[in-house]
Amino acid sequence: MMPGLQVAAIGGDPGGAEAVAPVLAALQSPGVTLHAFAYRQAVEIWRARGAGVQAVSEAATVEDCEGMLRECGADVLLMSTSSNGIDLEKKFTQAARVLAVPSVAVLDLWTNYRSRFANGKGELAFLPDRIAIMDERARSEMIKVGIPAESLVVTGQPAFDELAAWKRQADPNSRAAIRNAFGVNSDELLVVFGSQPLVATHGDDTSRPGHPGFTEDGVAALLGGALDAIALETGRRVVLLVRPHPRETEDAHSGLKSDAIRIGVSTAHHRREVMLAADLVVGMNSAFLLEATVLGCRTLSLQPGLRSSESLPTNLCGATAVVSDPAQVLPALHRALFANEAAAGTPTFPQESRAAEKVAALVRSLANTSPAHHGN
């Protein structure tokens, strides 16, 4: 047996990888060895955070995953949750179950609770031993869709632990430097649009059952058209900077054109620096918009034709303004860009603190129940 605590981790999609990354950092200590397995965007996200990562083939089988866990002598498995059609986290869950290795999954967003752990028949075949979740709202909603209450532990969202520090570090000089990097002058309005791959996830037929009712291309076009009108009406120069989602291709939204405003598409610089440099951050219902709201940025959620129930907690608590009627996009943008600073008492988004440490403590406590660990 390997000495000390052996922690195996697996991640794939960017949101989940971002949530697990601070936990990996919190677990780094004498007597703990991390074995980070990753695929898709998680490989680069974890490497950028200093983790030693073994890239895993998307074709890996349950038996392959079992072999990786056995070889590293895993005492506990730490996972993100992905929804990409590959979902290696589910295979690692099965492998851990075979080896009697306890498992912890970290949730990153208030959506798709059941499908994260379900098979093709909708059965909860891939439930880990514990699921670290964001808040009591997530607990209530997960229990309603059949996820056992005893598996749920409220820890907070680890990726949000860093937001307070980002907000403190932001100053006029750093804001100006980012704007200058994109060629945005001080007298120009910078609107940042955080995209997300809705067509890849739901298809482009907005009338399909389960479809949210809008697509990233439709929202981007609606936003661009409204900003055109604002620029022509007010005489202000406007820059629309589209920030593609990590799962979108580099040429996403490259066809978006305008004669009245400047449009750019870029993933340069850290997304949080870009948010803090913007006059307005626009999104739909992604973690990008949620982060911007928590950072204190002016935000607007465009969900024209919304057909499903609202999922973003900052929208539900009123911390983010939401527009579901396409006819209201222009006036909402006008208010967001030109209204005075929000009045005192505007709802803020409550969040758990020290979430990474709480998840790390959960991982350690489960590892102590592992037969493999007791054999060390």
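Residues numbered from 1 in each chain as written. Predicted model: local features only at pLDDT ≥ 70, side-chain atom pairs only at ≥ 80, totals over all residues. Heavy atoms only, no water.

Our focus in this paragraph is the overall build of the protein chain. In terms of helices and strands, the protein chain carries 15 helices and 13 strands. Here the C-alpha radius of gyration of the protein chain, 22 Å, is about what a compact globule of 376 residues would show, namely 21 Å. Expressed along its principal axes, the backbone C-alpha trace of the protein chain runs to roughly 70 × 45 × 40 Å. For the protein chain, the residues scored as buried account for 51% of the 376 residues in total. Long-range pairs, those at least 24 residues apart, make up 69% of the contacts in the protein chain between residues at least 6 apart in sequence. Working note: accessible area of the protein chain is about 16200 Å², and carbon and sulfur atoms make up 51% of it. (Helix = DSSP H or I, 4+ residues; strand = E, 2+ residues; numbered from the N terminus. Rg over C-alpha atoms; globule rule 2.2 N^0.38 Å. Buried < 20%, exposed > 50% of the residue type's maximum accessible area, 1.4 Å probe, protein only. Contact = heavy atoms within 4.5 Å. Areas by Shrake-Rupley, 256 points an atom, 1.4 Å probe, with all protein chains shown as cover.)

By the alternation rule, side chains of strand β11 (residues 280-283) split into L280 and V282 and V281 and G283, which are all buried. Bridge count for strand β8 (residues 189-194) against β11 is three bridges, and the pairing is parallel. Each bridged residue has a counterpart across the sheet, and for V192 the counterpart in β11 is V281. The pairing of β11 with strand β12 (residues 299-302) spans three bridges and is parallel. Paired with V281 across the bridge in β12 is T299. (Pairing = 2+ DSSP bridges.)

Think of a sheet as strands paired side by side through backbone hydrogen bonds, with each pair either parallel or antiparallel. Pairing is parallel across the open sheet formed by seven strands, whose spatial order is β3-β2-β1-β4-β5-β6-β7. Edge positions in the sheet fall to β3 (53-55) and β7 (152-154), since each of these pairs with one other strand and no more. Shown here is a sheet whose adjacent strand axes are inclined to one another by a mean of 25°, direction ignored. Relative to strand β6 (residues 130-133), strand β5 (residues 103-106) runs parallel, the two being bridged by three bridges. Directly across from A105, in β6, lies its bridge partner I131. Across the face of the sheet, helix α5 (residues 136-144) comes into contact with β6 and β7 while running at roughly 165° to β7. (Axes fitted to C-alpha atoms, helices over the stretch in contact; angles between N-to-C directions.)

Here we come to the pairing of β12. Alternating residues of β12 divide into T299 and S301 and L300 and L302, and every residue in both groups is buried. When β12 meets strand β13 (residues 321-323), the two strands line up parallel, connected through three bridges. Opposite S301, over in β13, you have V322 as the bridge partner.

With 95% of its residues at a pLDDT of 70 or more, the protein chain shows a mean pLDDT of 90. Across residues 341-345, where pLDDT falls below 50, the model places one contact with residues more than four positions away in sequence or in other chains. (pLDDT = per-residue confidence, 0-100.)

In this structure the tally under the stated criterion is two cavities of 30 Å³ or more. As a volume, the largest cavity reaches approximately 70 Å³. Looking at the lining of the largest cavity element by element, the count peaks at three residues for helix α4 (residues 88-98). For the lining of the largest cavity, a count of residues per class yields five nonpolar, four polar and three charged. By volume, the second largest cavity is sized at about 50 Å³. (1 Å grid on protein atoms, 1.4 Å probe; cavity = no way out; pocket = protein on both sides within 12 Å on 5 of 7 lines; lining within 4 Å. Points joined across faces, edges and corners; volume = space filled by probe spheres on them. Nonpolar A, V, L, I, M, F, W, Y, C, P; charged D, E, K, R; others polar.)

Axis angle and axis distance: for two packed helices, these are the angle between their axes and the distance between the axes, and together they describe the pair. Interhelical geometry of helix α1 (residues 14-27) versus helix α14 (residues 355-367) gives an angle of 65° and a closest axis separation of 8 Å. Once α1 is placed against α14, the crossing between them reads as right-handed. Residues P22, V23, A26 and L27 of α1 form the contact with α14, whose participating residues are A356, E357, V359, A360, V363 and R364. Within the contact of α1 with α14, the residues separate by chemical class into eight nonpolar, no polar and two charged. (Left-handed = near helix turned anticlockwise from the far one by under 90°.)

If you walk through the whole model with that rule in mind, you get 18 salt bridges. Residues D13 and R247 are paired through a salt bridge, measuring 3.6 Å at the closest nitrogen-oxygen approach. Remark: R247 occurs in the loop between β9 (238-243) and β10 (262-265) and D13 occurs in the loop between β1 (5-11) and α1; sequence separation between them is 234 residues. Taking relative accessible area as the criterion, D13 reaches 8% and is therefore assigned buried. A salt bridge links E44 to R47; the nearest nitrogen and oxygen atoms lie 3.7 Å apart. With E44 and R47 both in helix α2 (residues 42-48), this residue pair falls three residues apart, about one helical turn. According to the relative accessible area criterion, E44 is exposed, its value standing at 53%. (Salt bridge = Lys/Arg side-chain N within 4 Å of Asp/Glu carboxyl O.)

Moving on, we get to the sheet that holds β8. Reading across from one edge, β10-β9-β8-β11-β12-β13 is the order of the six strands in this open sheet, with parallel pairing throughout. Taken across any chain shown, the strands that pair with only one partner, and hence form the sheet edges, are β10 and β13. Taking the axes of each pair of neighbouring strands and ignoring which way they run, one obtains an average angle of 20° across the sheet.

A few words on unusual backbone geometry. At R40, a residue that is not glycine, the phi angle is positive and equals roughly 50°. On the secondary structure map, R40 appears in the loop between β2 (32-38) and α2. R40 gets classed as partly exposed once you look at its relative accessible area, which sits at 35%. Of note in the backbone geometry, H253 takes a positive phi value of approximately 65° without being a glycine. Secondary-structure assignment places H253 in the loop between β9 and β10.

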